[in-house]
Amino acid sequence: MAGKLTRCPVCGKPVSWEENPYRPFCSRRCKLVDLDLWLSEEYRISVPREVLEDETEEVEGGKV
Ligand SMILES: [Zn+2]
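Anyway, here's the lowdown on the structure attached to this text. Remember, predicted model here, so these are calculated numbers, not experimental data. (Residues numbered from 1 in each chain as written. Predicted model: local features only at pLDDT ≥ 70, side-chain atom pairs only at ≥ 80, totals over all residues. Heavy atoms only, no water.)

This part covers the coordination of the zinc ion. Coordination of the zinc ion by the protein comes from C8 (SG), C11 (SG), C26 (SG) and C30 (SG), over a distance range of 2.3 Å. Sequence spacing of the donors to the zinc ion: C-x2-C-x14-C-x3-C. Of this pair, C11 sits in the loop between strand 1 (5-7) and strand 2 (14-16) while C26 sits in the loop between strand 2 and helix 1 (28-59); the two residues are 15 residues apart in sequence, bridging distant segments of the chain. Look at C11 and you get partly exposed, because its relative accessible area is 39%. (Donors = N, O, S within 2.8 Å, 3.2 Å for Na, K, Ca; no water. Helix = DSSP H or I, 4+ residues; strand = E, 2+ residues; numbered from the N terminus. Buried < 20%, exposed > 50% of the residue type's maximum accessible area, 1.4 Å probe, protein only.)

Following this line, the structure appears as structure tokens:
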């Protein structure tokens, strides 16, 4: 066996683990693609979450 092989999480290509500066990605491009997705997802999630939590607390009124 020559070296550890893994798969690029972005494109699914087999990637050699050793001497690979972009691991676990196969290339710089895939690394940037993944980072970009991750950042845009963080943006989307963190904004509406706070709004939803605020709204649910105000739903319970005092009408019984
Ligand atoms: Zn890739």
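It is worth spelling out the environment of P9 at this point. Along the chain, the position of P9 falls in the loop between strand 1 and strand 2. Sequence-wise, P9 and R23 are 14 residues apart; in three dimensions their C-alpha atoms are separated by 9.7 Å. Residues within four places of P9 in sequence aside, it is in contact with P24 and F25. (Contact = heavy atoms within 4.5 Å.)

Our focus in this paragraph is the side chain of N20. Along the chain, N20 falls in the loop between strand 2 and helix 1. A polar atom in the side chain of N20 sits 3.4 Å from the backbone oxygen of S16. Apart from residues no more than four positions distant in its own chain, N20 is found in contact with V15 and F25. (Polar contact = N/O pair within 3.5 Å; in protein donor to acceptor, adjacent residues only side chain to side chain.)

This brings us to a nonpolar patch on the surface. Taken together, the side chains of L32, L35, W38 and L39 define a hydrophobic patch exposed on the protein surface, amounting to about 420 Å² of accessible area. Structurally, W38 is set in helix 1. Residue classification places W38 among the exposed positions, given a relative accessible area of 54%. (Patch = residues over 30% accessible without salt bridge, like charges linked within 9 Å, V, L, I, M, F, W, Y side chains within 5 Å. Areas by Shrake-Rupley, 256 points an atom, 1.4 Å probe, with all protein chains shown as cover. Salt bridge = Lys/Arg side-chain N within 4 Å of Asp/Glu carboxyl O.)

Attention shifts here to the environment of R7. Among the structural elements, R7 can be located in strand 1. Since its relative accessible area comes to 62%, R7 is described here as exposed. Each residue touching R7, except ones within four places of it in the same chain, is listed here: G12, K13, V15 and P24.

Look at the link from R23 to P24: it is a cis peptide, with omega at 5°. Note on placement: P24 falls in the loop between strand 2 and helix 1. For E19, which is not glycine, the phi torsion reads 55° and is therefore positive. With respect to the helices, strands and loops of the structure, E19 is situated in the loop between strand 2 and helix 1.

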